[in-house]
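Chains, contacts and geometry: an overview
What follows is each chain in one-letter form.
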Amino acid sequence: MSERLPPLQGLYYFYLAAETGSFKQAAEKLFVSAAAMSQQIRQLEERVEVQLFERQHRKVVLTPEGVTLHHYAKQAFRSLQDGVRQISQDPDPLSLSLSVLPSFAQHWLVPRLGEFSQQHPDLSVMLMPKNSLIDFRQDRVDLCVRYGLGDYEGLHSVKLMDDHLYPVCHPLYLKQHPIESLDNLSEHTVIDDARPDMNWQHWLQVAGYESSTAKANLRYQGAHVVIEGALAVQGIALVRHSLAWKYIQQGVLVKLGKVEVKPRYSYYLVAPKPYFNRDKIKQFSDWIQLQAHQFWAEAEQQRVQSKIVNTQVMKY
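Quick summary incoming for the structure in this document. The shown structure was predicted, so the numbers you read here are calculated from the model rather than taken from an experiment.

Reading the values: rules and limits
- Residues numbered from 1 in each chain as written.
- Predicted model: local features only at pLDDT ≥ 70, side-chain atom pairs only at ≥ 80, totals over all residues.
- Heavy atoms only, no water.
- Helix = DSSP H or I, 4+ residues; strand = E, 2+ residues; numbered from the N terminus.
- Buried < 20%, exposed > 50% of the residue type's maximum accessible area, 1.4 Å probe, protein only.
- Pairing = 2+ DSSP bridges.
- Right-handed = clockwise from strand over helix to strand, strands pointing away.
- Expected span 1.5 Å × (residues − 1).
- Arc of directions from axis to C-beta.
- Salt bridge = Lys/Arg side-chain N within 4 Å of Asp/Glu carboxyl O.
- Axes fitted to C-alpha atoms, helices over the stretch in contact; angles between N-to-C directions.
- Contact = heavy atoms within 4.5 Å.

1. Quick word on unusual backbone geometry
One non-glycine residue with positive phi stands out, namely Glu49, at about 65°. Its location among the elements puts Glu49 in the loop between helix 3 (34-48) and strand 1 (53-56). Phi angles above zero are rare outside glycine, and Val233 is one such case at about 60°. With respect to the helices, strands and loops of the structure, Val233 is situated in the loop between helix 8 (223-231) and strand 10 (236-240). Assessed through its relative accessible area of 25%, Val233 is described here as partly exposed.

So this is what it looks like as structure tokens:
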């Protein structure tokens, strides 16, 4: 076989047929006839001198050679898509789509977002609360806010802010169940977050309460639900400062003790690196980083006034 590559059109037709498992579906994606699709695949097979598909009733199945070619074709066309996307102009410069953790959206970002809208009235903001990671190849999203280590493969991360963990409860719960010390948490109703970054026992060890135990009576999936449980006078919850602080200021949550623990994870702005050159993302990034700076400047002042003990980073 010649070292020259087969025509790119035939390779792309093959790639779509392999992805869909159907010549008909692939043809519909390309707005061509099934006959045209079959002809392109046949010509490609003649060029490479191997059969790439087994034709079965209403579907096609890759041969071993087809599986190998599909692996490389998938990498190649996704790489081309990435390159085109990175050099392309912003398709919608007046619309900003944000994928944000539901807890961060509800308890931190939404109460502040009106200010950004006032500063940029010509920019339409679409907020999409979502826990799972975004595939920027498939989803029309401009920017994500994620809570983690910032190491997202193929994406650029800009650190937004750290966080601190501490226990809280509703004032009514505290009145009904006086808490003399966090050493006796086993005597109270404890609300637990099932996510791995929130762990009562790790927090107690790092905070210096090695002898204390916290058996979860209620277990929820997600920080925003945990806070709702605390607000509903259900018990004591371990929360992130970023999500709980406004409720403490409002007097509907009470912070317990004077110890805060810094987790391993932080908040990050995440997107393909070229996206950060777009004007709308620069505007939002500058604004939200200023908001984060002001938020933590206030938090630091409160920590000094309350004589908060700074502890080690939680390792888990």
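2. Observations concerning the environment of Gly83
Residue placement: Gly83 occurs in helix 4 (residues 64-87). Classification of Gly83 as partly exposed rests on a relative accessible area of 33%. When the C-alpha atoms of Gly83 and Gly208 are compared, they prove to be 51 Å apart, with 125 residues separating the residues in sequence.

3. Observations regarding the environment of Lys29
Its location among the elements puts Lys29 in helix 2 (residues 23-30). According to the relative accessible area criterion, Lys29 is exposed, its value standing at 55%. The spacing of Lys29 and His70 is 41 residues in sequence and 18 Å in space, taken between C-alpha atoms.

4. Thoughts on the pairing of strand 4 (residues 124-129)
Each regular strand carries side chains that alternate between the two faces of the sheet. With six bridges joining them, strand 3 (residues 95-100) and strand 4 adopt parallel strand pairing. Its bridge partner being in strand 4, Ser95 is matched across the sheet by Ser124. The parallel pair strand 3 and strand 4, bridged by helix 5 (residues 102-119), forms a crossover whose chirality is right-handed.

5. Quick look at helix 3
When the terminal C-alpha atoms of helix 3 are compared, their 21 Å separation across 15 residues agrees well with the 21 Å that a helix rising 1.5 Å per residue should span. Within helix 3 the residues assigned to the buried category are Met37, Gln40, Ile41, Leu44, Glu45 and Val48. The buried residues of helix 3 all sit within an arc of 135° when viewed along its axis, so they share a single face. Exposed residues pointing more than 90 degrees away from the buried face of helix 3 are listed as Ala35 and Glu46. Within two residues after helix 3, Glu49 carries a phi angle of roughly 65°, on the positive side.

6. Some details on the pattern of salt bridges
Following the criterion strictly, the structure yields eight salt bridges and no others. Its salt-bridge partner being Arg240, residue Asp163 comes within 4.0 Å of it at the nearest N-O pair. Remark: Arg240 occurs in strand 10 and Asp163 occurs in the loop between strand 6 (156-161) and strand 7 (165-169); sequence separation between them is 77 residues. Under the relative-accessibility criterion, Arg240 is labelled buried at 4%. Here Lys255 ties to Glu260 by a salt bridge, and the two come within 2.3 Å at their closest N and O atoms. Sharing partners across several salt bridges, the network here consists of Asp142, Arg278 and Lys280.

7. Considerations on the sheet that holds strand 13 (residues 266-271)
Spatial ordering of the open sheet is given by 4-3-5-13-6, a layout of five strands whose pairing is mixed. Two strands bound the open sheet, and with one partner strand each, they are strand 4 and strand 6. Across the sheet, the axes of successive neighbouring strands diverge by a mean angle of 25°, strand direction being ignored. Of the pairings in the sheet, the one linking strand 3 to strand 5 (residues 143-148) comprises three bridges and is parallel in character. From the neighbouring strand, Leu98 faces strand 5, where its bridge partner is Leu143. Helix 5 rests against strand 3, strand 4, strand 5, strand 6 and strand 13 of the sheet, and its axis sits at about 170° to strand 4.

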